[in-house]
Amino acid sequence: MPWDEGLVASLVYDRPDPSEGRILSYVQAINEALVLALEHDPSVFVMGQGVDDPSAMFGTTRGLQQRFGPARVFDTPLSEESMMGVAAGAAMNGMRPVYMHNRPDFVLLAANQLITHASKVHFMDNGQTTVPMVVWAAIGRGWGSGAQHSQSIQGILLGVPGLKIVMPSTPHDAKGLLLSAILDNNPVCVFEHRWLMRKDGIVPEGFYRVPLGRGICRRTGRDVTIVGASHAIELGMQAALLLAAEGIEAEVIDLRTIKPLDEGIILESLKKTGRIVAVDTAWMKGGVCAEIGCLAAEKGYADLKAPVARVGLPDIPAPAGYTLEQIYYPDAARIASAARALVRWDAAPAGPG
Amino acid sequence: MIRYHYTGDGIGGFGRFAAGQPPAFLLGLHRSMLRIRRIEEEIERRYHEDQMKTPIHLVIGQEATSVGCCAALGDTDLLYSSHRTHGTYLAKGGDLKAMLCELHCRANGCAGSRGGSMHLIDKGVGLAGTSAVVGGAVPIATGAALAAWMKQEDRVIVVFLGDATTEEGVTSESLNFAALKRLPIVFFCENNFYSVQSPLETRQPPRELHKWAAAHEMPAVLIDGVNVLAAFEATRTAVARAKAGEGPSFIEARVYRFRAHAGAGDDSRTGYRDEAERQQWERVCPVRLFEAYLVEAGLLNATAIDALEHEIAEEIADAFAYALESPNPTEADLYRHVYAE
Ligand SMILES: Cc1ncc(C[n+]2csc(CCOP(=O)(O)OP(=O)(O)O)c2C)c(N)n1
């Protein structure tokens, strides 16, 4: 049983409207994607520490081994680097591995194989070999996860050519993006967020794909753009509600994939609102927030009515204790306050905050 | 002071393996080793001209391992290797022109000038991949073996690794996994006693590498790495085991590189190893030793050797000329293949 089960279970999300379609939990959506992928293509297999244990990777891999057998769904030794290389080697030879980790923190042990091998092979051998593999991990937050069990490592990986990075925010996307990732011919990291896992959503039956590299507008608004992915978008949507109550209309852009980055959707929204708040589950420095800020300065400069704001983690490791966590992590109010400051920028030229 | 003595049987070591082998097979091994030696020497001779802007790791002195091993492999068997690629590439049947074009940074190099000497590849003959990160190819080869096992393909994967590669944690991890899943893989360790200029004794406690490997629950043998037939025989045994579904094997072959870790020429005089040590191993040069054995056995003579040398020299001259005339890549080439379609 994952230790943060109680915390995650206590999170409250709105129930989707059943008249809009079939409701599935986030975890069920991921499980369904894995089932479909395993059914669809005999070269797909699932590996990872504990994917066959009673906790079943937060429930996402439940029943898979019983259904598809221990050759295609298997537990691994605690050998992250080698197993990442094994996944790459299998992918280079006609398989489509899905290598699952509890936390992105553990992927760092395999950085050599992920960054220096899997992501480079196709380029290095002049396109002769493809490496279709998925590296899946769930970002932790809260309940003592602390500095070593809650890292969002997407910023570290953002500068790695050859790699794709997917960060869903809804059950619908968790399924559709995972299927796209598994069918993609490149190494794809799928970073889920523990706090989204109790979220329910409308999830179509059967096989569908959400395309990689394309964001989606979750809410339209004219005053300010809130852009990011994963759980940061959950907070961004809550922030938009707070802002709406004050008469500020925020547009919320869910990137879905942060590499490749959908620059078009960001710039288009910026053209409309002239203000941008970049949000992320990771550190603000050198990551998704920084990249969005740079994009706005580089290609959207003429549209900016106010400076770019970033709401992510400060340049500090995650603390483990409850009180410090509350201070450390941004919430919807913090995103709303950053957006508010941008909207009021003309009136208060001294700057946001 | 000689730290690492040759402990094999020299020319006396061939007889026991040669019995029953067709002469054409034995002559083929000799030809392949001699060809690699001459290619390496020509690369070395021309290196200072700076047309090959790529770090080279010559296999002069280590020809017997690649050649003996590859003689036990079929075209569908896959070979992965480290930064020291020239021997495995050529022994597996890799195209010489494509290799020299790669070394000369030409568009038609075997990796389109994106790999260089450390990343030779020829998938057509099963030279499937290399890594210049020590240990990098070991789990990838293990993954290739997992794929072969999952797809129930009748193929074996071999990965070449150096003695220092056994110090990388990922190598232990990979041996463990290969043994756990009984994968069809052969870990072929060329123990040349040095990692760049660091001797084994400063890197590992006194022990034998094959014994370390055996602790991972797989057959691990020690062979005389200057003996091409020993390398062939050990690989053949390991391949048969893998193909029978009995799992991985480890081969430790004691060899010596006659040149510096990288680049042209020897660097023993810098003091990290004794020239007398190299000279001792040069007396059991794998190419000359086997040649002497074949002459003694009446399978080769001076005329035949001359003819062979001539033929090889011509092939090499042609291939170098071809490489030098080949086109350089263009800017458009740079942008290709970052992502697969
Ligand atoms: C991870 C890593 N560390 C260090 C190096 C630098 N390096 C390149 S080759 C080499 C020696 C490796 O020795 P060994 O594995 O015995 O192979 P050999 O060169 O003797 O064939 C070293 C240290 C590297 N390429 N990769």
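Please refer to the structure higher up on the page.
What this report covers is the structure whose coordinates are included nearby. Please read all numbers here as calculations on a predicted model, not as lab measurements.

**Quick word on the sheet that holds strand β13 (residues 276–283) of chain A**
Two strands in a sheet stick together by hydrogen bonds in their backbones, pointing the same way (parallel) or opposite ways (antiparallel).
Residue and element names in this part refer to chain A.
Here comes step 1: Pairing is mixed in the open sheet, where 5 strands are placed in the order β9-β11-β10-β13-β14. One side of each edge strand has no neighbouring strand; the edge strands of this open sheet are β9 (216–219) and β14 (309–313). When the angles between neighbouring strand axes are averaged without regard to direction, this sheet yields 25 degrees.
Here comes step 2: The pairing of β13 with β14 spans 4 bridges and is parallel. Its bridge partner lying in β14, Val277 is registered against Ala309.
Here comes step 3: Most of the contacts of helix α10 (residues 231–245) go to strand β11 (residues 250–254), to which it runs at about 170 degrees, and overall it touches β9, β10 (224–228), β11 and β13.
Here comes step 4: Packing against the sheet, helix α14 (residues 332–343) makes contact with β10, β13 and β14, and its axis sits at approximately 150 degrees to β13.

**Quick word on the nonpolar core**
Within soluble globular proteins, side chains that are nonpolar generally end up buried alongside one another.
Here comes step 1: Counting 78 residues, the largest nonpolar core has Leu255 of chain A together with Tyr80, Phe187 and Phe250 of chain B as the members making the most contacts within it.
Here comes step 2: With 9 residues, helix α6 (residues 137–150) of chain B is the single largest residue contributor to this core.
Here comes step 3: Two domains each donate at least three residues to this core, and these are domain 1 (18–202) and domain 2 (213–345) of chain A.
Here comes step 4: Each residue touching Phe187 of chain B, except ones within four places of it in the same chain, is listed here: Val138, Thr142, Val159, Leu161, Ser174, Leu175, Ala178, Met218, Pro248, Ser249, Phe250 and Ile251 of chain B.
Here comes step 5: If you look at the next biggest cluster of nonpolar residues, it comprises 74 residues, including Val59, Phe188, Ala238 and Leu289 of chain B.

**Describing the packing of helix α2 (residues 23–47) of chain B against helix α9 (residues 228–243) of chain B**
Relative orientation and spacing of two packed helices are given, respectively, by the angle between their axes and the distance between those axes.
All names here are of chain B.
Here comes step 1: For the pair α2 and α9, the least separation of the axes is 11 Å and the interaxial angle reads 110 degrees. By the angle between their axes, α2 is roughly perpendicular relative to α9. Note on packing geometry: the crossing formed by α2 with α9 is right-handed. The residues of α9 that touch α2, namely those facing Phe25, Leu26, Leu29 and Met33, are Val228, Leu229 and Phe232.

**Focus on the interface of chain A and chain B**
Here comes step 1: Contact with chain A, which involves 39 residues of that partner, is made by 37 residues of chain B.
Here comes step 2: Around 3,100 Å² of area is buried between chain A and chain B when both sides are counted, 62% of it from carbon and sulfur atoms.
Here comes step 3: Broken down residue by residue, the surface that chain A buries against chain B is led by Asn93, Phe123 and Met124 of chain A, which jointly contribute 20%.
Here comes step 4: Linking chain A with chain B are 0 salt bridges.
Here comes step 5: The interface formed by chain A and chain B contains 19 residue pairs in polar contact (both at pLDDT 80 or more).
Here comes step 6: Mapped onto the side of chain A that touches chain B, the elements with two or more residues apiece are α4 (80–91), α6 (111–118) and α7 (121–124) of chain A.
Here comes step 7: Among the residues forming the side of chain A that touches chain B, the class breakdown is 15 nonpolar, 19 polar and 5 charged.

Criteria and cut-off values
- Residues numbered from 1 in each chain as written.
- Chains lettered and ligands numbered in written order.
- Predicted model: local features only at pLDDT ≥ 70, side-chain atom pairs only at ≥ 80, totals over all residues.
- Heavy atoms only, no water.
- Pairing = 2+ DSSP bridges.
- Helix = DSSP H or I, 4+ residues; strand = E, 2+ residues; numbered from the N terminus.
- Axes fitted to C-alpha atoms, helices over the stretch in contact; angles between N-to-C directions.
- Contact = heavy atoms within 4.5 Å.
- Core = buried A, V, L, I, M, F, W, Y, C linked by side-chain atoms within 4.5 Å.
- Buried < 20%, exposed > 50% of the residue type's maximum accessible area, 1.4 Å probe, protein only.
- Domains from an automatic or database assignment.
- Parallel < 35°, antiparallel > 145°, perpendicular 65-115°, else oblique.
- Left-handed = near helix turned anticlockwise from the far one by under 90°.
- Buried area = accessible area lost by both parts, 1.4 Å probe.
- Salt bridge = Lys/Arg side-chain N within 4 Å of Asp/Glu carboxyl O.
- Polar contact = N/O pair within 3.5 Å; in protein donor to acceptor, adjacent residues only side chain to side chain.
- Nonpolar A, V, L, I, M, F, W, Y, C, P; charged D, E, K, R; others polar.

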